[in-house]
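Letter by letter, the chains look like this.
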Number of protein chains: 2
Amino acid sequence: MKDGQLLIFDGAAKPLRLVRMEVPKLNPAEILVKNTYTTLCGSDLHTFCGKRNEKTPTVLGHEIVGIISEIGESHSHLDFNGEALKVGDRVTWAVFVAPPQEIWINKGMPQKSDHLFKYGHAQIKGDDVFHGGLGDFTVLKEHTAIFKLPENLPTAIAATINCAVATVAGAMRLAGSVKGKTVLVTGMGLLGNLAVAMAKVQGAKEIIAVDITEAKLEQAKRFGAMHTYLIDHIKADHKVDVALEMSGAPEAAELGLEMLCIGGIAVWVGAVFKTRKIEIDAEQVIRNIITIKGLHNYNFEDLRYALKFMTDHHQDFPFDEMIEKEFPLAEATKAFEYALQHKPLRVGIYIDELK
Amino acid sequence: MKDGQLLIFDGAAKPLRLVRMEVPKLNPAEILVKNTYTTLCGSDLHTFCGKRNEKTPTVLGHEIVGIISEIGESHSHLDFNGEALKVGDRVTWAVFVAPPQEIWINKGMPQKSDHLFKYGHAQIKGDDVFHGGLGDFTVLKEHTAIFKLPENLPTAIAATINCAVATVAGAMRLAGSVKGKTVLVTGMGLLGNLAVAMAKVQGAKEIIAVDITEAKLEQAKRFGAMHTYLIDHIKADHKVDVALEMSGAPEAAELGLEMLCIGGIAVWVGAVFKTRKIEIDAEQVIRNIITIKGLHNYNFEDLRYALKFMTDHHQDFPFDEMIEKEFPLAEATKAFEYALQHKPLRVGIYIDELK
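Residues numbered from 1 in each chain as written. Chains lettered and ligands numbered in written order. Predicted model: local features only at pLDDT ≥ 70, side-chain atom pairs only at ≥ 80, totals over all residues. Heavy atoms only, no water.

Student: I would appreciate a short explanation of the packing of helix α3 (residues 155-175) of chain A against helix α8 (residues 300-313) of chain A in the present structure.
Tutor: If you want to describe how two helices pack, look at the angle between their axes and the distance between the axes. All names here are of chain A. Look at α3 against α8: their axes get within 7 Å of each other, and the N-to-C directions meet at 115°. Here the hand of the crossing between α3 and α8 comes out right-handed. Where α3 approaches α8, its residues Ile157, Ile161, Asn162, Val165, Ala166, Ala169, Gly170 and Arg173 are matched on the opposing element by Asp302, Leu303, Tyr305, Ala306, Leu307 and Met310. (Axes fitted to C-alpha atoms, helices over the stretch in contact; angles between N-to-C directions. Helix = DSSP H or I, 4+ residues; strand = E, 2+ residues; numbered from the N terminus. Left-handed = near helix turned anticlockwise from the far one by under 90°. Contact = heavy atoms within 4.5 Å.)

Now the structure itself:
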């Protein structure tokens with residue numbers, strides 16, 4: 001029997017609790033992964049500080065990369081792309097898993113399936129504990145969409161693919177082709193910079209980045225933003241075809257709608273927490289034939305695109321700026337505090353080999 | 001030289017002014033139509049009572065049916081469906097016309113073309129006066145999408161095709177397939193009842209109609225609504241796949257969004273006038289992956305569908321209830337007053353043969 005370390009989250013304002021537990025016997029369709037690196041996503045930070053609620057106790061961290069340690073005997077031994085999987089392969093996987101359900105697959109929204117399980121979000125029940133990135137292992141449940149990672153992908157980048165990158169891939173899918181178009185991106189955290197980078201690769205004519213700090217705008221330029229504005233300094237008469245809202249700020253969503261040209265489309269991603277209501281001029285939405293689409297998480301095609309995008313383009317953008325600081329697993333509480341204070345694109349948690 | 005009567009609108013709170021003017025010589029690509037019947041659309045009423053502003057003087061009325069009186073020598077003599085046009089044919093036509101522009105055609109939004117001219121809305125300039133339904137003639141400008149009407153279509157129904165019916169056809173296009181779905185329609189004026197009828201023909205599983213008066217709800221049942229509610233009596237936990245907003249009331253738009261299930265879509269059509277802002281919970285739009293689409297007017301395919309729908313299905317629904325009262329052209333001011341007071345689906349204006 002293996003055992004491994006875990007950091008248990010018991011609720012906001014409580015320090016993470018380091019425990020050592022036995023890894024339960026694998027079900028035949030499961031895969032055991034030795035986690036190697038986890039990046040803290042904005043939603044981890046929101047849960048940690050109490051801005052959002054998850055059922056506790058839980059193990060946080062869902063932007064994970066790891067190495068296959070064991071494969072259940074009835075598993076297909078194939079990843080989502082049909083590539084062979086073996087012990088020792090480096091992988092990432094969809095943050096959500098559910099029994100395949102035709103209705104949600106047909107809607108292109110497997111992330112909204114019934115009986116959904118989410119890595120890094122689920123409550124600990126019995127010995128079902130190894131399902132977050134802040135621990136030595138993840139047990140990948142049956143039906144998990146797993147992706148084998150190419151060797152050239154740096155670990156920290158690989159970790160962000162199954163949340164930040166895939167979500168932005170989904171937002172770009174909802175926005176439709178941006179080729180030759182003017183794209184506004186509000187909120188220059190990791191999602192915003194990824195949106196800028198994808199818009200650039202996809203051939204956008206103009207990319208405008210908006211944030212509330214100059215430093216983030218400078219960084220956005222390095223990811224491909226052609227024009228940058230502090231939110232209070234931009235004029236809504238600068239018209240855009242596509243407005244990608246990554247900040248969660250109501251003012252940013254409203255700015256995006258005001259800036260849309262006739263036939264424009266807004267995609268809202270950022271506000272996965274309570275905010276004041278967005279105030280919309282229905283007449284403008286109608287007369288300008290505007291579309292607004294919300295997106296939460298992503299589907300499997302988005303995750304596939306995210307992996308391909310980062311495989312092909314991670315060297316075209318300054319992703320070396322992404323991780324401002326790294327912490328060992330045992331110091332993850334400090335990592336959260338650092339992230340909340342300094343707001344870097346990401347902090348990284350490295351998870352040592354088992355001793 | 002022909003001459004004809006016209007009712008000129010000089011601004012809200014001023015009675016319509018009956019004049020007789022000479023019909024100018026037709027340009028070679030134009031067609032002259034003798035108007036026979038015009039229905040008053042909600043936007044005509046809004047303009048008449050000052051709720052919306054049009055440049056004056058103008059000739060109101062754009063839901064028009066008429067008979068071809070003269071065809072310019074360079075006109076193709078074909079309608080939008082490629083059918084031959086000749087003097088004496090009964091026709092309707094798109095309310096808007098512009099030189100064909102690739103960018104707007106590619107967007108599927110010819111109604112937003114540059115240099116757009118709108119029948120029943122345009123300011124009178126020089127001898128360019130015969131462009132509204134409240135007159136004996138309409139001069140159909142070059143590039144107007146004209147549709148020859150089948151003989152079996154009653155005149156009043158034919159009049160509504162180029163605005164009410166085509167707009168609802170556009171809303172259904174934006175909503176996507178409603179087959180097997182639950183559809184909410186808010187606002188049971190003519191657009192709302194047409195939406196109910198189209199949803200029924202397209203195979204919706206459940207159709208819910210919402211209004212502020214019981215009489216409108218009773219009428220909606222006759223058009224196919226399966227469940228009807230006064231807006232204050234419906235519970236938002238009754239989930240719907242599609243919410244079609246035809247009333248323009250902010251409360252109705254908000255109700256529709258609240259009622260949408262995951263992956264649901266709202267189409268806003270009604271609010272073509274100033275209202276208070278719609279208040280939207282961005283987190284709900286995001287987590288439920290909701291889409292909101294505004295629609296103003298329609299494109300040519302919508303108009304084609306509208307004509308086919310009414311040709312095939314006008315006898316399946318109680319369109320004999322649509323016109324509550326008819327007035328001769330000279331009494332159109334009374335028609336506006338009646339419509340504003342009694343809020344029927346439509347009032348009709350019949351335009352006599354020339355004397």
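That was the structure; now back to the text.
Student: Got a minute to help me understand the pattern of salt bridges in this structure?
Tutor: Opposite charge on two side chains makes pairing possible when the charged atoms of those side chains draw close. All names here are of chain B. Here the structure, examined in full by the defined rule, presents 39 salt bridges over all chains. Across the pair lysine 141 and aspartate 128 runs a salt bridge whose closest N-O atoms are separated by 2.9 Å. In this pair, lysine 141 sits in the loop between β8 (137-140) and β9 (146-148) while aspartate 128 sits in the loop between β7 (117-118) and β8, placing the two residues 13 residues apart along the sequence. Given a relative accessible area of 26%, aspartate 128 falls into the partly exposed group. In this structure, lysine 221 and glutamate 218 form a salt bridge, with 3.2 Å as the shortest nitrogen-oxygen distance. Of this pair, lysine 221 and glutamate 218 both sit in helix α5 (residues 214-222), three residues apart, which is roughly one turn of the helix. On the basis of relative accessible area, lysine 221 is assigned to the partly exposed category, the value being 41%. (Salt bridge = Lys/Arg side-chain N within 4 Å of Asp/Glu carboxyl O. Buried < 20%, exposed > 50% of the residue type's maximum accessible area, 1.4 Å probe, protein only.)

Student: I would appreciate a short explanation of α5 of chain B in the present structure.
Tutor: Turn by turn, an α-helix covers 3.6 residues, leaving residues three or four places apart pointing in a common direction. Residues and elements named next belong to chain B. Considered for burial, the residues of α5 that qualify are Lys216, Leu217, Gln219 and Ala220. For α5, the arc enclosing every buried residue in end-on projection is 160°, short of the 170-degree limit, so these residues lie on one face. Check the buried side of α5 and you find it contacts α4 (190-201), β11 (206-211) and β12 (227-230). Glycine 224 occupies a position one or two residues after α5 and carries a positive phi of about 120°. (Arc of directions from axis to C-beta.)

Student: Looking at this model, I keep getting lost on the interface of chain B and chain A. Mind explaining?
Tutor: A common way to report how large an interface is uses the accessible area buried once the components associate. Residue-level contacts link 35 residues of chain B with 35 residues of chain A. Interface area for chain B against chain A, summed over the two sides, is near 3,200 Å², with a carbon-plus-sulfur share of 62%. Along the contact surface separating chain B from chain A lie four salt bridges. Between aspartate 281 of chain B and lysine 274 of chain A there is a salt bridge; the shortest N-O distance is 3.9 Å. Inspection of the chain B/chain A interface yields 17 residue pairs in polar contact (both at pLDDT 80 or more). Sorting elements by how many residues they give to the side of chain B that touches chain A places helix α7 (residues 282-287) of chain B first, with five residues. (Buried area = accessible area lost by both parts, 1.4 Å probe. Polar contact = N/O pair within 3.5 Å; in protein donor to acceptor, adjacent residues only side chain to side chain.)

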